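Chain by chain, the residues:
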Amino acid sequence: MKNNIEQWSDKKIQRRTFFSFAGFILAGISGWFSWKWYRNLPKTNHKLDQTTRNVLGFNEKVKDKFFSNNNMTRTYPKTSAAKRPRLNGFVGIQDNIDVEKWQLEVISPSGKPSTYFQMQDIKSLPKEEIVFDFKCIEGWDQVVHYGGVRFSDFLKKYNLGKKEGSNEWYKYVGLETPDAKYYVGLDIESVLHPQTLLCFEVNNQPLPKFHGAPLRLIIPVKYGIKNLKRIGKMYFSDTPPRDYWHELGYDYDVTL
Ligand SMILES: Nc1nc2c(c(=O)[nH]1)N[C@H]1C(S)=C(S)[C@@H](COP(=O)(O)O)O[C@H]1N2
Ligand SMILES: [Mo]
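Predicted, not measured: the structure shown is a model, and the values here were computed from it.

Caption draft 1: Structural context of the packing of aromatic side chains. Under the defined criterion, the tally for this structure stands at 11 aromatic pairs. When the ring of Tyr182 is compared with that of Tyr244, the centres are 5.0 Å apart and the planes differ by 35°; the resulting orientation is tilted. One end of the pair, Tyr182, is in the loop between strand E5 (172-176) and strand E6 (183-187); the other, Tyr244, is in helix H6 (residues 244-247), and 62 residues separate them in sequence. An angle of 75° between the planes, with centres 5.9 Å apart, marks the rings of Tyr183 and Tyr244 as edge-to-face. On the criterion of sequence distance, the pair formed by Tyr183 in strand E6 and Tyr244 in helix H6 is long-range, its members being 61 residues apart.

Shown next as structure tokens:
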């Protein structure tokens, strides 16, 4: 049995523990709200002195580095790229394809007729190359060198992917092979990532059939399974498009 003094001091300790814990929580909450408040201030707010703005800018960069899609995938010199890159996955690319007759069908979100694009519509955009470590979910990876155009440049140039009469992007892009046997769903942030390319070259040569001729997706923020070969159809939606490997039990969002 504890004496009165001991009981009294136990209570005091409990009270103190409670107050310091509450204080800790409150500090956290108020920190979070000040951060939100700060963040929402217009960037040109002259009430913020330069030092504060520099600190905020720095914080923003740290945040982007660790938490956002602006994170760039590591790239390598062209000399590190595999000379004969591995081939894997042949669903939807078995048939022979007449590359000259190929076209990309963009299915209209509002039920209007599709729009068709030819290779020259894609090649008229600025060319981009990327050398990066391509990762297959089956456990292998390989440094590869691809060339094409930015997916985001394609969408912006031809005014695709935004809701009619608005500046808002659809949440997802669906891609399918011409025969619709292989298909993937992609979140719009990953599609708009600057390293996401519509590719027509590997190692500076036109894509061979089994690398996805004439046009394939290279999306370095995702595992290989989302890097659809031989794109035939494209569409936009706010609900997740059907996805070949997701239907077979893989995670839908295989972001690296
Ligand atoms: N059309 C189509 N694209 C596909 C696949 C497929 O089976 N069919 N497999 C995917 C998988 S699992 C991987 S790892 C990569 C392999 O690309 P590569 O053959 O150019 O190395 O393609 C992806 N794109
Ligand atoms: Mo893969």
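Caption draft 2: Just the environment of Asn88, in detail. Note that Asn88 resides in the loop between helix H2 (50-67) and strand E1 (104-106). Each C-alpha atom of the pair Asn88 and Ile225 lies 9.6 Å from the other, and the pair is 137 residues apart in sequence. Every residue in contact with Asn88, bar those within four places of it in the chain, is listed here: Cys136, Glu138, Trp140 and Lys229.

Caption draft 3: Highlighting unusual backbone geometry. Between Ala213 and the following residue, Pro214, the backbone shows a cis peptide bond with an omega angle of 0°. Here Pro214 lies in the loop between strand E8 (205-206) and strand E9 (216-218). A positive phi is found at Asn159, a non-glycine position, where the angle reads about 55°. According to the relative accessible area criterion, Asn159 is exposed, its value standing at 66%. The backbone of Arg230 shows a phi angle near 55°, a positive value even though the residue is not glycine. Position of Arg230 among the secondary structure elements: in the loop between E9 and strand E10 (233-237). Residue class for Arg230 comes out buried when judged on its relative accessible area of 3%.

Caption draft 4: Spotlight on the nonpolar core. Membership of the largest hydrophobic core comes to 32 residues, with the highest contact counts inside it found for Leu104, Phe151, Phe154, Leu175 and Met234. Mapped onto this core, the elements with two or more residues apiece are E1, helix H3 (119-123), helix H4 (151-157), E5, E6, helix H5 (188-192), strand E7 (197-202) and E10. Not counting residues up to four positions away in its chain, the partners in contact with Phe154 are Leu104, Phe117, Ile122, Leu125, Leu160, Leu198 and Met234. Judged by nonpolar contacts, the second largest core, of 13 residues, contains Cys136, Trp140, Tyr146 and Leu207.

Here is what the cut-offs are and how they apply
- Residues numbered from 1 in each chain as written.
- Chains lettered and ligands numbered in written order.
- Predicted model: local features only at pLDDT ≥ 70, side-chain atom pairs only at ≥ 80, totals over all residues.
- Heavy atoms only, no water.
- Phe/Tyr/Trp six-rings, centres within 6.5 Å; stacked < 30°, edge-to-face > 60°.
- Helix = DSSP H or I, 4+ residues; strand = E, 2+ residues; numbered from the N terminus.
- Contact = heavy atoms within 4.5 Å.
- Buried < 20%, exposed > 50% of the residue type's maximum accessible area, 1.4 Å probe, protein only.
- Core = buried A, V, L, I, M, F, W, Y, C linked by side-chain atoms within 4.5 Å.

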